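Chains, contacts and geometry: an overview
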Amino acid sequence: MSQMKATYQQQVRQDTGVLDSAAVTACRQALAAAPGDPDRLLELALALKAQFRYYEASEVLSDLLAQNPFRYEILCQRGHVYLGLRAYHQAIADFELGLRINPRDWDCLYHEALCFYLLGDYITAEKYYARCHAVSETEEELAAVTDWYWLALKHLGKDAEADTLLQLVRTDWDYGENEIYFTRLLVYKGLRQAGEVLAHAK
């Protein structure tokens, strides 16, 4: 097979025979009734993402961005997909573009910081976690960002700043879906034992 003539599918993925989920099927049916509808396309991308079909989701999101390149929420969603593919630099590019449009978007800030953290760039991760912490509006958001922010500070040897951050964590936080992050914060504070938490996670 000539590489010059290889299709995108042949270059980056193989057909694994994965069947559409019920959600993907419903989205395709909705699109058939309203071809090109941006809301239906976004629903399809999210359904594909939920099924871990990241390449296909990225293609749909790219089509949406071609229609409207200034929808920061679409940039953020494609950043999520690239993050799932461990394509951290591509994800950072999308999150950064999203932040140029909406500098206070918690989702873009949190996940761009995570990309830098996973790349081992703790200095830049700290900067984005600080911004994310500053715009957090709920205790659920604070539980997630504080955990990663604390870890970044510890990696940088900023123990005093990490301790100051930890002092803001209260045991009565309404952590919502972020129980794992909140529990880890309690371990850092010495209020829970790591072994106890690990046993509970099994």
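Scroll up to find the structure.
Residues numbered from 1 in each chain as written. Predicted model: local features only at pLDDT ≥ 70, side-chain atom pairs only at ≥ 80, totals over all residues. Heavy atoms only, no water.

Looking now at the pattern of salt bridges. Using the criterion set out here, one finds 13 salt bridges in the structure. Salt-bridge contacts for D172 lead to R170; the nearest nitrogen and oxygen are separated by 3.0 Å. Each of D20, R28, R53 and E56 takes part in salt bridges that share partners, so that together they form one network. (Salt bridge = Lys/Arg side-chain N within 4 Å of Asp/Glu carboxyl O.)

Following both chains from N to C, one finds helix α8 (residues 122-135) and helix α9 (residues 139-155) inclined at 150°, their axes separated by 9 Å at the closest point. Classed by the angle they form, the pair α8 and α9 counts as roughly antiparallel. Of the two elements, α8 crosses α9, and the hand of that crossing is left-handed. Seen from α8, the contacting residues are Y122, E126, Y129, A130, C132, H133 and V135; seen from α9, they are E141, L142, V145, T146, W148, Y149, A152, L153 and H155. Considering only residue class, the contact of α8 with α9 consists of 11 nonpolar, 3 polar and 2 charged. (Axes fitted to C-alpha atoms, helices over the stretch in contact; angles between N-to-C directions. Helix = DSSP H or I, 4+ residues; strand = E, 2+ residues; numbered from the N terminus. Parallel < 35°, antiparallel > 145°, perpendicular 65-115°, else oblique. Left-handed = near helix turned anticlockwise from the far one by under 90°. Contact = heavy atoms within 4.5 Å. Nonpolar A, V, L, I, M, F, W, Y, C, P; charged D, E, K, R; others polar.)

What follows covers the side chain of S136. Note on placement: S136 falls in the loop between α8 and α9. Owing to a relative accessible area of 14%, S136 belongs among the buried residues under this scheme. With residues up to four places along the chain from it excluded, the contact list for S136 reads W106, E141, L142 and V145. (Buried < 20%, exposed > 50% of the residue type's maximum accessible area, 1.4 Å probe, protein only.)

Quick look at unusual backbone geometry now. Positive phi, normally seen in glycine, also occurs at F52, with a value near 60°. You can see F52 is positioned in the loop between α3 (38-50) and α4 (54-67). The phi dihedral of R86 is positive, around 60°, even though this residue is not glycine. By the element assignment, R86 lies in the loop between α5 (72-84) and α6 (88-101). Residue class for R86 comes out exposed when judged on its relative accessible area of 66%.

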